[in-house]
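Fold and contact review
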Amino acid sequence: MNGKHINKSIFNDAFRQSLVKLSPRVQLKNPVMLVVYIGAIITTFLYILSFMGIKDENSWYTLDIALILWLTVLFANFAESIAEGRGRAQAESLRSAKKDVKAKKLKSATNIDEFTEVLSNTLKKGDLVFVVAGNQIPMDGEVIDGAASVDESAITGESAPVIRESGGDRSAVTGGTTVVSDWLIIQVTAEAGESFLDKMIAMVEGATRKKTPNEIALQILLVTLTIIFLVVTATLLPFSKFVGKLAGSGTAISITNVIALLVCLAPTTIGALLSSIGIAGMSRLNQANVLAMSGRAIEAAGDVDILLLDKTGTITLGNRQASEFIPVCNVEERELADAAQLSSLADETAEGRSIVILAKEKFDIRGRDLSQLNANFIEFSARTRMSGVDFGGNEIRKGAVDAIKNYVLQKGGEYPSDCDQIVQRVAGAGGTPLVVAHNAKVLGVIYLKDIVKNGVKERFSDLRKMGIKTIMITGDNPMTAAAIAAEAGVDDFLAEATPEAKLALIRDYQTKGHLVAMTGDGTNDAPALAQADVAVAMNTGTQAAKEAGNMVDLDSSPTKLIDIVRIGKQLLMTRGALTTFSVANDVAKYFAIIPVLFFGIFPQLTTLNILGFTSTTSAILSAIIYNALIIVFLIPLALKGVKYRELPAGKLLKRNILIYGLGGVIAPFLAIKLIDMILTVSGLL
Ligand SMILES: Nc1ncnc2c1ncn2[C@@H]1O[C@H](COP(=O)(O)OP(=O)(O)OP(=O)(O)O)[C@@H](O)[C@H]1O
Ligand SMILES: [K+]
Ligand SMILES: [Mg+2]
């Protein structure tokens with residue numbers, strides 16, 4: 001995604017939004033700031049009333065307080081707007097990819113000449129469209145025929161084209177991307193308004209942002225604090241009148257001062273910054289080219305300690321191609337190639353197609369028409385891990401080593417020992433061996449080659465340093481799994497895994513109290529992705545995987561979780577730090593101001609005026625100015641996040657409490673005194 005930094009137009013936009021957000025409907029969503037908002041309205045009224053002879057305080061003073069309260073509300077609005085600004089700018093550039101284009105809507109998948117031209121926004125789920133090089137893909141869909149290279153830079157920002165083809169785990173296409181070469185027949189899977197691009201726009205704009213359970217819990221705490229202070233300050237009013245009478249001296253506390261005090265004591269700092277912290281976290285994730293469907297997932301990422309990864313397409317490039325036919329003793333290579341091709345004629349996976357091609361290249365064996373033979377094709381499934389064909393008393397199967405071994409033994413056949421040696425050779429090199437059998441006789445092995453993605457080893461070791469255990473899970477055999485696991489540098493692996501086994505492994509870790517992240521691309525990963533706490537689907541993966549996950553990595557990088565975890569931890573730390581700071585501030589303000597308030601009634605209290613405030617008015621004005629300015633002052637920290645260090649959680653907590661707790665107690669005393677001095681010296685009072 002195009003990394004938009006905060007520039008002038010985002011700034012101007014945020015100023016405008018701050019005013020828009022003055023609407024009561026927006027203010028109602030933030031109970032703490034609502035108190036300030038209502039305070040601003042009441043003090044404004046008090047000022048107006050002062051002209052009618054109804055006097056609460058010196059009218060200039062009331063006006064000052066009213067203005068500062070309005071500013072406080074605006075500052076909080078601004079904090080949120082500026083956090084949303086980057087997302088809005090990103091959404092703008094994504095919208096430019098969302099043009100309505102003309103699409104060739106096919107009558108059937110078998111005839112590309114019969115089509116009607118329709119606008120992309122009229123396409124419905126299930127429609128078939130035909131696209132060729134140069135066309136923009138009109139809508140999200142599943143490739144049902146053809147293979148093409150597609151430029152997805154409009155969405156991923158990555159200019160290298162990617163392969164999209166029918167059958168395997170790379171069959172999902174996204175509306176708004178462009179075909180660079182060849183052609184595709186696509187079955188539409190989304191309709192206008194609910195496409196991936198639409199979702200992406202809504203997401204970066206924050207339009208769909210919901211409060212996370214953590215945020216809600218914190219907000220309840222903040223509201224409780226506010227209510228306590230509300231009760232305390234409200235009782236001050238009659239109390240001061242009563243005591244004032246008893247003491248027979250001075251004036252009671254004014255409504256203006258009660259409101260000012262309440263605003264000082266309420267946790268307005270964190271109240272104002274809470275939502276920007278969440279939005280900024282989301283935005284940092286977008287900058288890392290990850291789309292999060294929920295804020296909850298980002299927070300969970302901060303605490304993840306187990307990462308499960310699928311092998312093919314996640315750790316490896318996943319373009320498994322047949323590179324060799326290796327027959328067992330007494331079988332001709334040609335016989336093996338012939339059977340392999342027969343079993344793959346209807347196999348629409350990338351692996352299947354590459355087998356047909358290799359047989360043709362090596363032995364000039366042509367794809368045959370098996371329709372007269374009454375052939376029955378057995379499609380590949382992740383559960384059986386086999387595919388094949390039955391015709392005229394022949395049964396040909398190819399598949400994972402253990403699957404074929406079981407199949408052959410069950411049929412009363414034998415599993416030759418030299419097959420094991422071939423399998424070991426292929427698997428030892430990190431390749432996937434597919435064993436081929438004809439009527440319960442093992443013919444040999446197809447060598448499927450795959451490549452580990454670049455630079456993953458170093459990054460997996462970073463994950464280890466972060467305390468995260470990495471486990472590769474694959475449908476492949478244990479030897480291939482071991483070879484790839486060693487090459488990629490994962491901590492552990494589970495081989496011969498069915499979709500159910502992947503799911504069971506996640507549940508197992510979760511019941512043991514672990515927070516589990518899962519990264520995958522295939523339809524067979526979908527159940528596991530749906531179960532994981534943090535589920536990152538590769539953008540290159542299938543529609544099912546993307547829908548089951550709660551994040552999509554546009555770069556399809558297996559180690560993206562490093563960034564996701566860092567951003568999650570940073571989000572939690574920032575929220576914790578600023579909450580600590582805000583509450584510490586309020587406590588400090590309490591001790592700085594309460595004595596001053598009672599000067600009018602008990603002049604003896606001046607001894608408690610340790611800060612030497614000039615007057616009650618000056619002290620309260622200074623405190624409330626500080627209360628407003630601190631919001632602005634902390635906006636950069638809320639947006640950037642506190643500095644993330646790879647320290648154990650306990651140490652981090654201690655550090656943060658020390659810095660933000662202690663700092664939060666001391667800062668108000670110094671700052672309020674400073675403002676008091678400036679106000680006095682400048683003669684503003
Ligand atoms: N078209 C096919 N026909 C027969 N067998 C296949 C085919 N494709 C894959 N296999 C075998 O089935 C196994 C499981 O494949 P699957 O795609 O389910 O793996 P997976 O669980 O996604 O894990 P990974 O992605 O790491 O392979 C493969 O390792 C391979 O041995
Ligand atoms: K406050
Ligand atoms: Mg897979």
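Remember, it's a predicted structure, so these values are computed and weren't measured experimentally. (Residues numbered from 1 in each chain as written. Chains lettered and ligands numbered in written order. Predicted model: local features only at pLDDT ≥ 70, side-chain atom pairs only at ≥ 80, totals over all residues. Heavy atoms only, no water.)

A few points about the overall build of the protein chain
Secondary structure summary: the protein chain contains 23 helices and 20 strands in total. For 685 residues, the compact-globule estimate of 2.2 N^0.38 gives 26 Å, and the protein chain exceeds it by more than 25% at 33 Å. If you line up the protein chain on its principal axes, its C-alpha atoms span 115 × 55 × 35 Å. Partitioning the intrachain contacts of the protein chain with sequence separation of at least 6 by distance along the chain shows that 70% fall at a separation of at least 24. (Helix = DSSP H or I, 4+ residues; strand = E, 2+ residues; numbered from the N terminus. Rg over C-alpha atoms; globule rule 2.2 N^0.38 Å. Contact = heavy atoms within 4.5 Å.)

Quick word on the site of ligand 1
Around ligand 1, 21 residues are found, and the nearest of them are Asp310, Thr312, Asp347, Ser387 and Thr474. Asp347 places a side-chain nitrogen or oxygen 2.8 Å from a nitrogen atom of ligand 1. Within the backbone of Gly475, a nitrogen or oxygen atom sits 2.9 Å from an oxygen atom of ligand 1. With the chains in place, 97% of the 610 Å² that ligand 1 exposes on its own is no longer accessible. Taken together, the elements giving at least two residues each to the shell around ligand 1 come down to α11 (311-315), β12 (386-391), β13 (394-399) and β14 (432-438). (Near = heavy atom within 4 Å. Polar contact = N/O pair within 3.5 Å; in protein donor to acceptor, adjacent residues only side chain to side chain. Areas by Shrake-Rupley, 256 points an atom, 1.4 Å probe, with all protein chains shown as cover.)

Section: the nonpolar core
With 108 residues, the main nonpolar core has Leu273, Ile315, Val534, Met551 and Leu561 as its most contacted residues. If we skip the residues at most four places from it in the chain, Val534 touches Ala297, Ala300, Ala301, Val304, Val516, Ala517, Met518, Asn550, Met551 and Leu561. Ranked by size, the runner-up nonpolar core spans 39 residues in total, among them Ala322, Leu358, Tyr407 and Val445. (Core = buried A, V, L, I, M, F, W, Y, C linked by side-chain atoms within 4.5 Å. Buried < 20%, exposed > 50% of the residue type's maximum accessible area, 1.4 Å probe, protein only.)

Side note on the packing of helix α4 (residues 59-95) against helix α6 (residues 196-205)
Angle between the axes and distance between the axes: these two values describe a pair of packed helices. Taken N-terminus to C-terminus, the directions of α4 and α6 make an angle of 160°; their axes are 7 Å apart at the nearest point. As the angle between them shows, α4 and α6 are arranged roughly antiparallel. As α4 packs across α6, the resulting crossing turns out to be left-handed. Residues Gly87, Arg88, Gln90, Ala91, Leu94 and Arg95 of α4 form the contact with α6, whose participating residues are Leu197, Met200, Ile201, Val204 and Glu205. (Axes fitted to C-alpha atoms, helices over the stretch in contact; angles between N-to-C directions. Parallel < 35°, antiparallel > 145°, perpendicular 65-115°, else oblique. Left-handed = near helix turned anticlockwise from the far one by under 90°.)

Concerning the sheet that holds strand β15 (residues 441-449)
By way of backbone hydrogen bonds, the strands of a sheet pair with one another, either parallel or antiparallel. Across the sheet, 6 strands lie side by side as β10-β15-β14-β13-β12-β11; this open sheet has antiparallel pairing. Where the open sheet ends on each side, the last strands, each with one partner, are β10 (321-327) and β11 (376-378). Going from strand to strand, the sheet's axes swing by 20° on average, the running direction of each strand aside. Sheet topology places β10 next to β15; 6 bridges connect them, and they run antiparallel. When the sheet's bridge partners are listed, Glu324 is paired in β15 with Tyr447. In the packing of helix α13 (residues 350-363) onto the sheet, contacts are made with β10, β13, β14 and β15, and the angle to β10 comes to roughly 60°. (Pairing = 2+ DSSP bridges.)

Regarding the coordination of the potassium ion (ligand 2)
Donor atoms from the polypeptide that coordinate the potassium ion (ligand 2) comprise Val263 (O), Cys264 (O), Ala266 (O), Thr268 (OG1), Asp586 (OD) and Asn627 (OD1), at 2.4 to 3.1 Å from the metal. Here the potassium ion (ligand 2) is ringed by 6 donor atoms whose angles at the metal span 64 to 163°, and the overall shape comes out irregular. If you list the donors of the potassium ion (ligand 2) from N- to C-terminus, the spacing comes out as V-C-x1-A-x1-T-x317-D-x40-N. Of the two residues examined, Cys264 and Thr268, each falls in the buried class. (Donors = N, O, S within 2.8 Å, 3.2 Å for Na, K, Ca; no water. Tetrahedral: all angles 85-135°; square planar, octahedral: opposite > 155°, others 65-115°.)

What about the pairing of β14?
For β14, the tally of buried residues reaches 6 of 7 residues, placing the bulk of the element in the interior. Looking at chain direction, β13 and β14 are connected through 4 bridges and run antiparallel. Within β14, the residue paired with Ile396 across the bridge is His438. Following β14, the chain reverses through 2 residues before pairing antiparallel with β15; Asn439 in that reversal takes a positive phi of roughly 45°.

Describing the environment of Asp140
Tracing the sequence through the fold places Asp140 in the loop between β3 (128-132) and β4 (141-151). With residues up to four places along the chain from it excluded, the contact list for Asp140 reads Val173, Thr174, Gly175, Gln187, Val188, Thr189, Ala190, Ser195, Phe196 and Gln543. Separated by 2.9 Å, the side chain of Asp140 and the backbone nitrogen of Gly175 make a polar contact.

Side note on the state of the cysteines
The full count for this structure, using the stated rule, is 0 disulfides. Unpaired in terms of disulfides, Cys419 finds its nearest cysteine sulfur in Cys329, a separation of 10 Å. Note on Cys419: relative accessible area 0%, which makes it buried. (Disulfide = S-S within 2.5 Å.)

A look at the environment of Glu324
Here Glu324 is to be found in strand β10. Linking Glu324 and Phe75, residues 249 residues apart in sequence, is a C-alpha distance of 67 Å. For Glu324, the residues in contact, after removing those within four places along its chain, are Leu358, Arg425, Val445, Ile446 and Tyr447. One polar contact links Glu324 to Arg425, side chain to side chain, over a distance of 3.4 Å.

Focus: empty space enclosed by the protein
Overall, the coordinates contain 1 cavity of 30 Å³ or more when judged by the stated rule. Approximately 60 Å³ is the volume attributed to the largest cavity. Looking at the lining of the largest cavity residue by residue, the classes come out as 3 nonpolar, 3 polar and 4 charged. (1 Å grid on protein atoms, 1.4 Å probe; cavity = no way out; pocket = protein on both sides within 12 Å on 5 of 7 lines; lining within 4 Å. Points joined across faces, edges and corners; volume = space filled by probe spheres on them. Nonpolar A, V, L, I, M, F, W, Y, C, P; charged D, E, K, R; others polar.)

A closer look at the pairing of strand β7 (residues 178-188)
Pairing of β3 with β7, which is carried by 5 bridges, proceeds in the antiparallel orientation. If you follow Leu128 over to β7, its bridge partner there is Gln187. In this structure, β4 lies alongside β7, joined through 10 bridges in antiparallel fashion. In the sheet register, Gly141 faces β7, and the bridge partner there is Val188.

Focus on the sheet that holds strand β18 (residues 516-520)
Taken in spatial order, the 7 strands make up an open sheet running β8-β20-β19-β18-β9-β16-β17, and their pairing is mixed. Edge positions in the open sheet fall to β8 (290-292) and β17 (492-494), since each of these has one partner strand only. In this sheet, neighbouring strand axes are inclined to one another by 20° on average, regardless of whether the strands run parallel or antiparallel. Judged from the 3 bridges that link them, β8 and strand β20 (residues 551-553) form a sheet pairing that is antiparallel. Bridging from a neighbouring strand, Val290 pairs with Asp553 of β20.

Describing the packing of aromatic side chains
Going through the model one piece at a time under the given rule, you end up with 7 aromatic pairs. Ring geometry for Tyr37 against Trp70: centres 5.9 Å apart, planes inclined by 90°, an arrangement best described as edge-to-face. One end of the pair, Tyr37, is in helix α3 (residues 31-50); the other, Trp70, is in helix α4, and 33 residues separate them in sequence. Given the relative accessible area of 9%, Tyr37 is considered buried. Directly above the ring of Tyr447 sits Lys449, whose terminal nitrogen or CZ lies 5.5 Å from the centroid. (Phe/Tyr/Trp six-rings, centres within 6.5 Å; stacked < 30°, edge-to-face > 60°. Lys NZ or Arg CZ within 6 Å of the ring centre and 35° of its normal.)

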